[in-house]
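# Examining the three-dimensional arrangement
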Amino acid sequence: MAEIMRLDKFIASQRTDLSRKDVKELCKKGRISVNGNITKQSDHKINAEKDIVSVDGVEISYNKYIYIMLNKPQGVVCSTRDGASPTVLSLLPPELNRKGLFPAGRLDKDTEGFVLITDDGELAHRILSPKNHVDKKYYVELLKPVEESYVEAFSSGMEIDGGDVCKPAQLIPCDDNPNACHVILHEGMFHQIKRMFEKLNNKVTYLKRISIGGLVLDDSLKPGECLVILHKDVEKYL
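Notes on the structure follow. (Residues numbered from 1 in each chain as written. Predicted model: local features only at pLDDT ≥ 70, side-chain atom pairs only at ≥ 80, totals over all residues. Heavy atoms only, no water.)

With that settled, consider the pairing of strand 7 (residues 67-72). Taken across its 6 residues, strand 7 has 6 buried, putting it largely inside the fold. Residues Tyr-67, Met-69 and Asn-71 of strand 7 are buried on one face, and the alternating residues Ile-68, Leu-70 and Lys-72, pointing to the opposite face, are buried as well. Relative to strand 9 (residues 112-118), strand 7 is paired through 6 bridges, and the arrangement is antiparallel. Residue Ile-68 lies in a different strand from strand 9, and its bridge partner there is Ile-117. Pairing analysis gives 3 bridges linking strand 7 to strand 15 (residues 226-228), with the strands arranged antiparallel. Counterpart to Ile-68 in the pairing with strand 15 is Val-228. (Buried < 20%, exposed > 50% of the residue type's maximum accessible area, 1.4 Å probe, protein only. Helix = DSSP H or I, 4+ residues; strand = E, 2+ residues; numbered from the N terminus. Pairing = 2+ DSSP bridges.)

Okay, structure coming up:
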């Protein structure tokens, strides 16, 4: 079904730097075109999926939803706003920072790695819903070496502080570092991995999320960098 909407709504939904009022002024000045024709009416109806809309000669690509893979650095919070610390949204380049974006899930402030940012609420619910069991994989470095007993402790579903009982998880020791391992969780309790290792009298010194479902953090992304993921890949791997 065609996505028919007002021109000002379309542009404002795709460009966070332009309000509907801004679009109206740009139209009056002849700076907006639809299919190559200057349009001076901001309430002009367009087919968002087919019509070519340009502002100052720059085409605006239409995406009903956007999916962004971010490699979150330490010191950044997974929130849409925070008065004291930078947020994941503040790391996005202007061309990707559109209205309605939010992180689909959270990472602790001092944890690095994959955060999925989107404006697709249905997808976010699917990722976060406990009944869907979307796996999250982490790389973990510890103060003390990984012990063989940890594997069974994680797989059995341990009880941690506060009486919380974790679902069975997978721990995979790293061959090249005795103090490192990978952990696969099927849930996301508050500080869960840190609390699980504290239960085993060890301490997490470094934590990074490297995958969500079948989506793996791109190795080329430096902390603070991001890229857009295609919708078909999101549907395939999540």
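Turning next to the nonpolar core. Ranked by internal contacts, the top residues of the largest apolar core, which has 35 residues, are Ile-117, Val-140, Phe-154, Val-183, Ile-193 and Phe-197. Within the residue set of this core, elements represented by two or more residues are strand 7, strand 9, strand 10 (136-142), helix 4 (149-156), strand 12 (180-185), helix 5 (192-199) and strand 13 (204-212). Among residues more than four places away in sequence, those in contact with Phe-154 are Lys-167, Pro-168, Ala-169, Leu-171, Val-183, Met-196, Phe-197 and Leu-200. (Core = buried A, V, L, I, M, F, W, Y, C linked by side-chain atoms within 4.5 Å. Contact = heavy atoms within 4.5 Å.)

Another aspect to go through is the sheet that holds strand 3 (residues 37-38). Taken together, 4 strands build an open sheet; the order of strands is 3-2-5-6 and the sheet is antiparallel. The open sheet has two edge strands with one neighbour each: strand 3 and strand 6 (58-59). Examined bridge by bridge, strand 5 (residues 53-55) and strand 6 share 2 bridges and lie antiparallel to one another. From the neighbouring strand, Val-55 faces strand 6, where its bridge partner is Val-58. Set on the sheet, helix 1 (residues 7-14) makes contact with strand 2 (32-34) and strand 5; between it and strand 5 the angle comes to about 65°. (Axes fitted to C-alpha atoms, helices over the stretch in contact; angles between N-to-C directions.)

A separate point is the environment of His-125. With respect to the element layout, His-125 can be found in helix 3 (residues 121-128). Look at His-125 and you get exposed, because its relative accessible area is 55%. Separated by 70 residues in the primary sequence, His-125 and Arg-195 place their C-alpha atoms 25 Å from one another.

Let us look at the pattern of salt bridges. Inspection of the entire model under this criterion finds 9 salt bridges. With a shortest N-O distance of 3.5 Å, Lys-194 and Asp-108 are connected by a salt bridge. Note that Lys-194 is positioned in helix 5 and Asp-108 in the loop between strand 8 (102-103) and strand 9, a separation of 86 residues in sequence. By the burial criterion, Lys-194 is buried, and Asp-108 matches it. Between Glu-235 and Arg-126 there is a salt bridge; the shortest N-O distance is 3.5 Å. Pair noted here: Glu-235 is in helix 6 (residues 231-237) and Arg-126 is in helix 3, with a separation of 109 residues, a long-range link. Glu-235 gets classed as partly exposed once you look at its relative accessible area, which sits at 39%. (Salt bridge = Lys/Arg side-chain N within 4 Å of Asp/Glu carboxyl O.)

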